[in-house]
Amino acid sequence: MIEKHIVLEDIDPVVFYGTGNQHLQMLRALYPKLRVVARDNVIRILGDEEQMAAFEEAAERIRQHVLKFNSLREEDILDIVKGHRTSDEVPDGVVCYSMSGRAIKARSENQQRLIDAYADNDMVFAVGPAGTGKTYLSIALAVRALKEKTAKRIILSRPAVEAGEKLGFLPGDMKDKIDPYLQPLYDALEDMLPQVKLQDMMEKHQIQIAPLAFMRGRTLSDAVVILDEAQNTTPQQIRMFLTRMGWNTKMIITGDMTQIDLPKSQKSGLIEALHILKDVEGIGIVELDRKDIVRHKLVTRIVNAYEQYDKSIDKD
């Protein structure tokens, strides 16, 4: 009797097997001449050689479907086994899918400009107020690159300016002290990748999240590199970061000019970089505004109210 093993790489096997192994039971019914046994991310199949070849082909198509959409339905399995296209083929404009199966794509004209700028340039600056999706969309682009293997790793960084000398008084090791400043990056990744797979990628350093200070002396190659909250970098810090760029690397730098937490005497490195690099070929600059805010509708009203307040202060 012929026996083969199929390894479900890059996906959460729970999605493949289904709740209570219902997807696996369905596959067993569709291939009655096979004995199918699954454990962890390995499927062991025994039986008829012809059905085994068909099962292997279907399993790979199902794996690709799960990798792309982070979800699987019984009708998708039937379509794949019958050799049909599934109803969830990627529509134009979708960057990737969240863990809930929601399509992640541009929701405004400027968000689409960010996606286009990423395609056309090796370095992109995305500047705009809170809630415009600049960080989330940037991480989605990086996750897509990793899934499509156009990049070998994702490197995410933020300046921990609020920490300063207070870091030494916080409990835990350096990772424990820094993690609160990097949590928004973790949150976005957890929305796009299975928890087990994300943990595995981080352990293998395919995904690296580190404060800006840890970038010094490194050359970042074969990667998508994102610097978030860049308005809180000093000119020296952002210059150091931008010159870490290596071969086959794309960089996205995001920032919000209304949320600069540096001392008043310290100039923002992002402001200086935008001025110096605005006409450099290969660098895209995308400005998002309050029309691009995709959070709760109150966020737009809050941003508008603060803008009006700032104008009134300036007049006084």
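Let me begin by describing the structure that accompanies this report. Treat the numbers as computed from the prediction; the structure is a model and nothing was measured. (Residues numbered from 1 in each chain as written. Predicted model: local features only at pLDDT ≥ 70, side-chain atom pairs only at ≥ 80, totals over all residues. Heavy atoms only, no water.)

1. Details of the overall build of the protein
Threshold: Helix and strand definitions here come from DSSP, where helices need a minimum of 4 consecutive H or I residues and strands a minimum of 2 consecutive E residues; each element is numbered from the N-terminal end. Only protein chains enter the accessibility calculation, which uses a 1.4 Å probe. A residue is then buried if its area is under 20% of the maximum for its type, exposed if over 50%, and partly exposed in between. Throughout, a residue-residue contact means that at least one pair of heavy atoms, one from each residue, lies within 4.5 Å. Computed with the Shrake-Rupley method and a 1.4 Å probe, the accessible areas treat only the protein chains shown as cover for residues. When charges are counted, Lys and Arg are positive and Asp and Glu negative, with His and the chain ends excluded. We put the charge of a Lys on NZ, of an Arg on CZ, of an Asp on CG and of a Glu on CD.
For the protein, the helix and strand inventory stands at eleven helices and eleven strands. When the 316 residues of the protein are sorted by exposure, 47% land in the buried category. In the protein, the proportion of contacts linking residues at least 24 apart, taken out of those at least 6 apart, comes to 69%. Of the accessible surface of the protein, which amounts to about 17,300 Å², a share of 50% is contributed by carbon and sulfur atoms. With 43 positive and 48 negative side-chain charges, the protein shows a spacing of 1 Å between the two charge centroids.

2. Points about the environment of Ile 226
Among the structural elements, Ile 226 can be located in strand β9 (residues 223-227). Relative accessible area serves as the criterion here: at 1%, Ile 226 is assigned to the buried category.

3. Remarks on helix α3 (residues 49-69)
Residues separated by three or four positions in an α-helix point in the same direction, a consequence of the helix having 3.6 residues per turn. Where we set the bar: In this scheme, a helix's expected span is set at 1.5 Å multiplied by one less than its residue total. Each polar contact in these results corresponds to two N or O atoms within 3.5 Å; when the atoms are within protein, one needs to be able to donate a hydrogen and the other to accept it, and residues that are neighboring in sequence are counted only if both atoms are side-chain atoms.
When the terminal C-alpha atoms of α3 are compared, their 30 Å separation across 21 residues agrees well with the 30 Å that a helix rising 1.5 Å per residue should span. Along α3, the positions that sit buried rather than exposed are Gln 51, Met 52, Phe 55, Ala 58, Ala 59, Ile 62, Arg 63, His 65, Val 66, Leu 67 and Phe 69. The N-cap residue of α3 is Asp 48: its side-chain oxygen and the backbone nitrogen of Glu 50 are 3.2 Å apart. After α3 finishes, the residue Asn 70 shows a positive phi value of roughly 60°.

4. Observations regarding the pairing of strand β10 (residues 250-255)
Under the convention used in this document: Whether two strands pair depends on DSSP finding at least two bridges between them.
Counting buried residues along β10, six of its six residues qualify, which places the element largely inside the surrounding structure. Here β10 shows a buried face lined by Lys 250, Ile 252 and Thr 254 and a second buried face lined by Met 251, Ile 253 and Gly 255. Examined bridge by bridge, strand β6 (residues 123-127) and β10 share five bridges and lie parallel to one another. Bridge assignment links Val 124 to a residue of β10, and that residue is Ile 252. The pairing of β9 with β10 spans four bridges and is classified as parallel.

5. Notes on the pattern of salt bridges
Inclusion rule: What counts as a salt bridge is simple: a side-chain nitrogen of Lys or Arg found within 4 Å of a carboxyl oxygen of Asp or Glu.
Summed over all chains, the structure comprises 15 salt bridges. A salt bridge links Glu 3 to Arg 44; the nearest nitrogen and oxygen atoms lie 2.8 Å apart. Note that Glu 3 is positioned in strand β1 (residues 2-7) and Arg 44 in strand β3 (residues 42-47), a separation of 41 residues in sequence. Residue classification places Glu 3 among the partly exposed positions, given a relative accessible area of 39%.

6. Topic: helix α8 (residues 195-203)
We count it as follows: Throughout, the arc means that of the directions going from the helix axis to the C-beta atoms.
All of the buried residues in α8 are Lys 197, Leu 198 and Met 201. One side of α8 holds all its buried residues, which, seen down the axis, span an arc of 100°. Of the exposed residues in α8, the ones pointing more than 90 degrees away from its buried face are Val 196 and Glu 203. Just beyond α8, the residue with positive phi is His 205, at close to 65°.

7. Side note on the packing of helix α9 (residues 235-242) against helix α10 (residues 269-277)
Applicable threshold: Whenever a helix is involved, its axis is fitted only over the stretch in contact; in every case the axis is a line through C-alpha atoms, and angles between N-to-C directions fall within 0 to 180 degrees. Relative orientations are named as follows: roughly parallel for angles under 35 degrees, roughly antiparallel for angles over 145 degrees, roughly perpendicular for angles from 65 to 115 degrees, and oblique for any other angle. It is the rotation of the near helix from the far one that decides the hand of a crossing: anticlockwise by less than a right angle makes it left-handed, clockwise makes it right-handed.
Where α9 meets α10, the axes come as close as 8 Å, and the angle between the chain directions of the two elements is 55°. The angle between α9 and α10 falls in the class oblique. In the crossing of α9 with α10, the sense of the turn from one axis to the other is right-handed. Here Pro 235, Ile 238 and Leu 242 of α9 come into contact with α10, specifically with Gly 269, Leu 270, Glu 272, Ala 273 and Leu 277.

8. Things to note about the environment of Leu 198
Residue position: Leu 198 is located in helix α8. Along the backbone, Leu 198 and Tyr 186 are twelve residues apart, and their C-alpha atoms lie at a distance of 9.5 Å.

9. Observations regarding the sheet that holds β10
Overall, parallel pairing links the six strands, which are arranged β8-β7-β9-β10-β6-β11 in an open sheet. The sheet is open, and its two borders are formed by β8 (207-211) and β11 (283-287), each paired with just one other strand. Across the sheet, the mean angle separating the axes of adjacent strands is 15° when strand polarity is ignored. Bridge count between β6 and β11: five bridges; the pairing is parallel. Bridge pairing links Met 123 to Ile 283 in β11. Strands in contact with α9 are β6, β9 and β10; relative to β10, the strand with the most contacts, it is inclined by about 155°.

10. Observations concerning the pairing of strand β7 (residues 153-158)
With respect to burial, β7 is a largely interior element, six of its six residues being buried. A two-sided burial pattern is seen for β7, the buried positions comprising Arg 153, Ile 155 and Ser 157 on one face and Ile 154, Leu 156 and Arg 158 on the other. The pairing of β7 with β9 spans five bridges and is classified as parallel. By the bridge assignment, Ile 155 is partnered in β9 with Val 225.

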